[in-house]
Amino acid sequence: MAPALIGLAACSGGGGDAAKGKGKGGQPGQGTPTVGYVVIQPSSVAMTTELSGRTTAFESSDVRPQVTGIIRRRFFTEGTLVKKGQPLYEIDPRLYRAAANEAQANLQSARANAEAQGILAQRYKPLAEMEAISKQDYTNAIATSRQATASVAQTRAALETAQINLKFTTVPAPITGRIGRSLFTVGALVSATQTDPLSQIQRLDLIFVDIQQASGDLLALRRSLGQNGIVPTRAEVRLKLEDGSDYGATGSVEFAEALVNTETGTVTLRARFPNPQGLLLPGMFVQAKFAQAINQRAFLVPQAGVARDAKGNATVYVVGADNKAVQKTIKADRTQGAYWVVTSGLNPGDRIITQGLSKIAPNQSVKPVPENTAQKIEAPKGDSSRWR
């Protein structure tokens with residue numbers, strides 16, 4: 001909804017005592033000033049905050065070798081987009097291929113031995129029943145057959161290990177994303193225990209922004225929820241970049257960490273943003289603006305009607321009883337567009353004077369604009385877009 005229009009007073013340009021600066025009895029300088037006012041009602045106003053943050057990759061993964069060997073080939077171009085599972089490096093596979101062939105041969109040998117031992121145990125069974133051989137010989141034959149079967153399982157596992165190591169000689173991309181520079185060249189010796197990765201991949205089509213908020217501010221917000229008309233909200237987050245420009249896409253807060261940084265006294269809030277063009281890069285400094293709650297009992301007062309006294313307190317003039325200008329002290333800590341957000345000091349239906357303020361003093365009689373020429377402020381209810 002559009003904010004309500006302000007009822008303005010305009011002195012008549014024709015003849016009359018008021019126009020001529022004459023009051024009752026025709027005395028000059030004692031005329032009743034004409035003022036314009038707006039009628040205010042409680043509104044749902046987003047409680048916005050602006051905090052600093054840094055961008056973080058949505059996914060990040062190091063490319064690491066899982067076997068030891070010499071790099072023979074590199075399959076990618078640095079800085080390009082790679083897909084999950086795409087081959088990136090080849091490590092010399094000859095030793096691992098030979099180990100896999102050896103394990104395959106050992107498995108075949110174990111299977112042949114297990115088959116022979118099984119047939120021998122079957123032949124001993126009727127002989128042991130006829131007492132042509134001792135029962136101990138038959139028992140030994142059964143045990144030997146079972147050992148041969150277990151040997152088959154062992155050599156099969158060794159073959160699987162050798163095949164896995166052979167597969168590891170091709171280093172694939174662990175995730176889809178943009179790959180950085182290669183830290184190792186063709187001919188370099190790499191190992192599974194080295195500390196440095198071969199390269200790094202970061203997914204940037206979505207990106208996180210880690211926002212830092214003081215733990216005291218977050219505590220005060222949580223205590224205020226459910227009181228004085230303040231309710232939680234899931235509002236959009238907007239970013240301002242390092243060069244002062246606005247980032248076009250909006251994001252949303254995903255979660256708040258359940259711990260406080262002991263060095264900075266802040267809690268990290270993580271927001272997620274789309275980044276299809278790759279404009280946001282990990283490590284960038286940004287300013288995030290978003291609403292953490294909705295105040296359902298706030299008032300939107302035109303900025304023209306709010307002044308500050310010598311102590312810095314916000315004040316307004318209200319058309320009171322008998323059409324007298326009554327000065328009120330209010331709490332107005334922030335603005336929203338062309339309005340001050342007032343959280344205390346006013347009542348529903350108050351008539352806030354917005355024009356002619358230079359002509360009035362506290363408790364002075366005024367001539368307000370007739371009710372049929374002023375309209376109530378209809379502030380947006382639950383519309384978080386108004387604060388942006």
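1. Some words on the sheet that holds strand β3 (residues 69-74)
Okay, step 1: The strand order β6-β5-β3-β8 describes an open sheet built from four strands, whose pairing is antiparallel. For this open sheet the edge positions go to β6 (170-172) and β8 (189-190), each flanked by a neighbour on one side alone.
Okay, step 2: Taken together, the three bridges between β3 and strand β5 (residues 87-91) define a ladder with antiparallel strand orientation. Residue pairing across strands places isoleucine 71 opposite isoleucine 91, the latter belonging to β5.

2. Regarding the confidence of the model for the protein
Okay, step 1: Mean pLDDT over the protein stands at 83; residues scoring 70 or higher make up 83%.
Okay, step 2: Per-residue pLDDT stays below 50 along residues 1-29; that stretch engages in 48 contacts with residues further than four places along the chain or on separate chains.
Okay, step 3: When the criterion is pLDDT under 50, residues 370-388 qualifies, and its contacts beyond four places in sequence or with other chains add up to 45 contacts.

3. Focus on the side chain of serine 182
Okay, step 1: Note that serine 182 resides in the loop between β7 (177-179) and β8.
Okay, step 2: The exposure class assigned to serine 182 is buried, which follows from its relative accessible area of 13%.
Okay, step 3: One polar contact links serine 182 to tyrosine 89, side chain to side chain, over a distance of 2.6 Å.
Okay, step 4: A polar side-chain atom of serine 182 sits 2.7 Å from the main-chain carbonyl oxygen of phenylalanine 184.
Okay, step 5: In contact with serine 182, other than residues within four places in its own chain, are Arg74, Phe76, Glu78, Tyr89, Leu198 and Ser199.

4. What to know about unusual backbone geometry
Okay, step 1: Despite not being glycine, aspartate 322 has its phi angle at roughly 60°, a positive value.
Okay, step 2: For aspartate 322, the position within the fold is in the loop between β16 (314-319) and β17 (325-336).
Okay, step 3: With a relative accessible area of 67%, aspartate 322 lands in the exposed category.
Okay, step 4: Backbone geometry at asparagine 323 places phi at a positive 55°, although glycine is not the residue there.
Okay, step 5: Looking at the secondary structure, you find asparagine 323 in the loop between β16 and β17.
Okay, step 6: A relative accessible area of 31% places asparagine 323 in the partly exposed class.

5. Observations concerning the side chain of serine 43
Okay, step 1: Secondary-structure assignment places serine 43 in strand β2 (residues 43-63).
Okay, step 2: A polar contact is formed between the side chain of serine 43 and the backbone oxygen of glutamine 41, at a distance of 3.3 Å.

6. Focus on the pattern of salt bridges
Okay, step 1: With the rule as written, the count across this model stands at ten salt bridges.
Okay, step 2: Measuring nitrogen to oxygen at the nearest pair gives 3.9 Å for the salt bridge that ties aspartate 92 to arginine 72. Taken together, the residues span a long stretch of sequence, with aspartate 92 in the loop between β5 and α1 (94-129) and arginine 72 in strand β3 at a distance of 20 residues.
Okay, step 3: Relative accessible area serves as the criterion here: at 42%, arginine 72 is assigned to the partly exposed category.
Okay, step 4: With a shortest N-O distance of 2.8 Å, arginine 94 and aspartate 92 are connected by a salt bridge.

7. Side note on the packing of aromatic side chains
Okay, step 1: For the structure on display, the rule yields three aromatic pairs.
Okay, step 2: Aromatic side chains phenylalanine 76 and tyrosine 89 sit 5.4 Å apart centroid to centroid with 80° between the ring planes, which places their arrangement in the edge-to-face category. Taken together, the residues span a long stretch of sequence, with phenylalanine 76 in the loop between β3 and β4 (81-82) and tyrosine 89 in strand β5 at a distance of 13 residues.
Okay, step 3: Take tyrosine 89: its relative accessible area is 1%, and that puts it in the buried class.
Okay, step 4: Their ring planes at 70° and their centres at 6.3 Å tell us that tyrosine 247 and phenylalanine 273 sit as a pair that is edge-to-face. Of this pair, tyrosine 247 sits in strand β12 (residues 246-256) while phenylalanine 273 sits in strand β13 (residues 266-274), placing them 26 residues apart in sequence.

Parameters and conventions
Residues numbered from 1 in each chain as written. Predicted model: local features only at pLDDT ≥ 70, side-chain atom pairs only at ≥ 80, totals over all residues. Heavy atoms only, no water. Pairing = 2+ DSSP bridges. Helix = DSSP H or I, 4+ residues; strand = E, 2+ residues; numbered from the N terminus. pLDDT = per-residue confidence, 0-100. Contact = heavy atoms within 4.5 Å. Buried < 20%, exposed > 50% of the residue type's maximum accessible area, 1.4 Å probe, protein only. Polar contact = N/O pair within 3.5 Å; in protein donor to acceptor, adjacent residues only side chain to side chain. Salt bridge = Lys/Arg side-chain N within 4 Å of Asp/Glu carboxyl O. Phe/Tyr/Trp six-rings, centres within 6.5 Å; stacked < 30°, edge-to-face > 60°.

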